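# Geometric and topological summary
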Amino acid sequence: MQCPVCGAPVEDRPAANANAKTISCEGCGTFDISNLAQTALTRMDNYHRLQALRYAQTNALAGRFPYIHGIG
Ligand SMILES: [Zn+2]
């Protein structure tokens, strides 16, 4: 699939949360994204997608991947 943040080709795998997936992107790093947030990001421009990633990284719990969720 394509990275939901930058559009680069990435591998995705199921995340610990059943309603999310884990994305490993060369440019964006590894992060989890909920299915709802993934849909929401498709309606946003590059700047706001990056903001969503940065916000998730800033608020990431210790030992966990940043989790993009609660958007839209
Ligand atoms: Zn990316």
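In this text the structure is predicted, and so the values were computed from the model without any measurement.

## Comments concerning the pairing of strand E2 (residues 20-25)
Pairing of strand E1 (residues 11-14) with E2, which is carried by four bridges, proceeds in the antiparallel orientation. Residue pairing in the sheet places Glu11 in a bridge with Ser24 of E2. Across six bridges, the pairing between E2 and strand E3 (residues 29-34) is antiparallel. Residue pairing for E3: Thr22 is matched across the bridge by Asp32. Counting the residues that bridge the hairpin from E2 to E3 gives three residues.

About the criteria used
Residues numbered from 1 in each chain as written. Predicted model: local features only at pLDDT ≥ 70, side-chain atom pairs only at ≥ 80, totals over all residues. Pairing = 2+ DSSP bridges. Helix = DSSP H or I, 4+ residues; strand = E, 2+ residues; numbered from the N terminus.

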